[in-house]
Amino acid sequence: MRVLVTSDYRTLSEEAAELIARAVRTRPGLTLGLPTGNTPLGMYQELVRKHLHEGLDFSRVRAFNLDEYLGLARDHPQSYHSYMRARLFDQVNLQRENTDIPDGTPGIDADAECDRYENAIRDAGGIDLLIVGIGANGHIAFNEPGSSFDSRTRVVLLAPGTIADARKYFAREGEVPRSAITIGIRTILDARRILLLASGRKKAEAVERTLRDPVSESLPASALQLHPDVIAILDEAARGH
Ligand code: PGA
């Protein structure tokens, strides 16, 4: 794993966006794996700026999101469908038919949706560049501790800490989804290149363990040590400085 430590969150966001922009310029039809959450907000802002002011062209890019809550309508304000529309899809020239996010609509046949999603990624030729954050408990996408390194897209129960972290985005405790659809650890490791992003003190311990601890299913992010092409961009706080 190559590690780049930046002075602050803004620089992390700029470095991440520049790495993605270079990849898109080199290969305009590449396939991205895209995260949600707080960490990539600055990166998306910078990608939108590059589109508007530097002509960064997403017209041939394909994008698969990493996960989605199960039990939220697509247009629920906290769904990752809504997040992606607001932060990226409505602001750049990504073609809607080139984007995909697991469908967590209430009542959906979730297992069939997981199969559809994994097959769609495979049929697209796999993910060229996958960007992923890390949870304070070491999760990547919604692969919580204990997830098999052979896992693929599936329904998962969220860890209590993950539910607690999500609480601030929902009006009531009872509204926070308890489960999600996530691509698996194996799906992540199948990507040709992985960009890991971590910002802030709350991530420092998980980051330190990811870089130093033995590879273990109790720490999902440690699976990234098994991949030949991972770049971690961390701000100083996440690196524990
Ligand atoms: P965050 O989430 O970017 O909102 O901190 C990261 C994650 O839990 O994977």
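Residues numbered from 1 in each chain as written. Predicted model: local features only at pLDDT ≥ 70, side-chain atom pairs only at ≥ 80, totals over all residues. Heavy atoms only, no water.

What to know about unusual backbone geometry
Here is step 1 of the chain: Not every positive phi belongs to a glycine, and A141 is a case in point at roughly 50°.
Here is step 2 of the chain: Secondary-structure assignment places A141 in the loop between strand 6 (129-132) and strand 7 (154-157).
Here is step 3 of the chain: The class of A141 is buried, set by a relative accessible area of 10%. (Helix = DSSP H or I, 4+ residues; strand = E, 2+ residues; numbered from the N terminus. Buried < 20%, exposed > 50% of the residue type's maximum accessible area, 1.4 Å probe, protein only.)

Here we look at the packing of helix 1 (residues 9-26) against helix 2 (residues 41-54)
Here is step 1 of the chain: At a closest axis distance of 8 Å, the pairing of helix 1 and helix 2 adopts a crossing angle of 50°. Looking at the two axes, helix 1 sits oblique to helix 2. Helix-helix and strand crossings are classified by hand; for helix 1 and helix 2 the assignment is right-handed. Counting all contacts with helix 1, which are made through Y9, S13, E14, A16, A17, E18, I20, A21 and R25, the residues of helix 2 involved are L41, G42, M43, E46, L47, K50 and E54.
Here is step 2 of the chain: Residue classes in the contact of helix 1 with helix 2 are distributed as eight nonpolar, two polar and six charged. (Axes fitted to C-alpha atoms, helices over the stretch in contact; angles between N-to-C directions. Parallel < 35°, antiparallel > 145°, perpendicular 65-115°, else oblique. Left-handed = near helix turned anticlockwise from the far one by under 90°. Contact = heavy atoms within 4.5 Å. Nonpolar A, V, L, I, M, F, W, Y, C, P; charged D, E, K, R; others polar.)

With respect to the packing of helix 2 against helix 3 (residues 80-89)
Here is step 1 of the chain: In contact at an axis separation of 9 Å, helix 2 and helix 3 are set at 45° when each is read in the N-to-C sense. By the angle class used here, helix 2 and helix 3 are oblique. Taking contact as the criterion, the partners of L41, Y44, L47 and V48 in helix 2 are, on helix 3, Y83, M84, R87 and L88.
Here is step 2 of the chain: For the contact of helix 2 with helix 3, the per-class residue count stands at seven nonpolar, no polar and one charged.

Considerations on the sheet that holds strand 2 (residues 31-34)
Here is step 1 of the chain: One open sheet holds the seven strands; their spatial order is 1-10-9-6-2-3-5, and the pairing between them is parallel. Taken across any chain shown, the strands that pair with only one partner, and hence form the sheet edges, are strand 1 (2-6) and strand 5 (99-100).
Here is step 2 of the chain: Of the strand pairs in this sheet, strand 2 and strand 3 (residues 62-65) are connected by four bridges, and their pairing is parallel. Residue pairing for strand 3: L34 is matched across the bridge by N65. (Pairing = 2+ DSSP bridges.)

With respect to the side chain of H51
Here is step 1 of the chain: With respect to the helices and strands, H51 occurs in helix 2.
Here is step 2 of the chain: For H51, a relative accessible area of 18% corresponds to the buried category.
Here is step 3 of the chain: Polar side-chain contacts of H51 include one of 2.8 Å to the backbone oxygen of L56.
Here is step 4 of the chain: Excluding its chain neighbours within four sequence positions, the residues that come into contact with H51 are L56, F58, Q91, V92 and N93. (Polar contact = N/O pair within 3.5 Å; in protein donor to acceptor, adjacent residues only side chain to side chain.)

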